[in-house]
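Observations on chain architecture
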Amino acid sequence: DTAVSQTPKYLVTQMGNDKSIKCEQNLGHDTMYWYKQDSKKFLKIMFSYNNKELIINETVPNRFSPKSPDKAHLNLHINSLELGDSAVYFCASSQDKGWGNTIYFGEGSWLTVV
Amino acid sequence: QKEVEQDPGPLSVPEGAIVSLNCTYSNSAFQYFMWYRQYSRKGPELLMYTYSSGNKEDGRFTAQVDKSSKYISLFIRDSQPSDSATYLCAMSGIKAAGNKLTFGGGTRVLVKP
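Cut-offs applied
Residues numbered from 1 in each chain as written. Chains lettered and ligands numbered in written order. Predicted model: local features only at pLDDT ≥ 70, side-chain atom pairs only at ≥ 80, totals over all residues. Heavy atoms only, no water. Disulfide = S-S within 2.5 Å. Helix = DSSP H or I, 4+ residues; strand = E, 2+ residues; numbered from the N terminus. Buried < 20%, exposed > 50% of the residue type's maximum accessible area, 1.4 Å probe, protein only. Contact = heavy atoms within 4.5 Å.

1. What about the state of the cysteines?
- Going through the model one piece at a time under the given rule, you end up with two disulfides over all chains.
- Bridging C23(A) to C91(A), the disulfide has an S-S length of 1.8 Å. Between C23(A) and C91(A) the disulfide shows an S-S torsion of about -80°. By sign, it is left-handed. Taken together, the residues C23(A) in strand β3 (residues 19-25) and C91(A) in strand β9 (residues 87-94) connect sequence positions 68 residues apart. Of the two residues examined, C23(A) and C91(A), each falls in the buried class.
- One disulfide bridge connects C23(B) with C89(B), the sulfur atoms lying 2.0 Å from each other. Note on the C23(B) and C89(B) pair: the S-S dihedral is about -105°, so by sign convention the disulfide is left-handed. Within this pair, whereas C23(B) is found in strand β3 (residues 19-25), its partner C89(B) is found in strand β9 (residues 85-92), the two being separated by 66 residues in sequence.

Below you can see the structure in the form of structure tokens.
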């Protein structure tokens, strides 16, 4: 059983399109995240949700909109895709939002915008 | 200058050697220190977790934290080809809303048979 699962794993799309990445965790965790890994391997947090409530929003363009229908799911919708959005997007979760909570990552979604 | 600095490598060692990895950081508020291993085309998986200063050992892995020098290390003893991966250091504990990890850029390690 995959603890944090995200789909699709690979996505190639044209500039201007709208796409979504879905994420689900079966760990019973309260907090979920989206991280972005660029071509230089730097992982940076984008969003964090705790029990469906947005708690971290790190200077991300408005074209990125996370949606959490329940605490086990956190989806990422991206409007008007740009070339610079090409990256690997990782969903993650932790027991709760407190500092030091271990964060578990999914396998990643490779987004290529052409 | 980034908050967390990590040599990108690659670091190439023969099988059985000790792998030595390190990160430096600038924010003295960091309290929690982690090492993640990331295989190609996979997500990061947690290897070691340390709170504040000190050493922690888990099998072939030893993590060290020196908060006075803002320096953390990971040592892998008796390295195996299966240890070939990118190793990411990560830290948290700054006064921010929620649990937020700040990562280094990762060091690519190659263990040659």
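2. What to know about the environment of M46(A)
All names here are of chain A.
- Structurally, M46 is set in strand β5 (residues 43-50).
- Counting along the chain gives 17 residues from M46 to R63, while the straight-line C-alpha distance between them is 12 Å.
- Every residue in contact with M46, bar those within four places of it in the chain, is listed here: W34, Y35, K36, I56, N57, E58, V60, F64, L76 and Y89.

3. Here's the deal with the side chain of T102(B)
- Take T102(B): it is sitting in strand β10 (residues 102-103).
- Using a relative accessible area of 11% as the deciding quantity, one classes T102(B) as buried.

Read these as layout, nothing more, since geometry by itself doesn't imply function.
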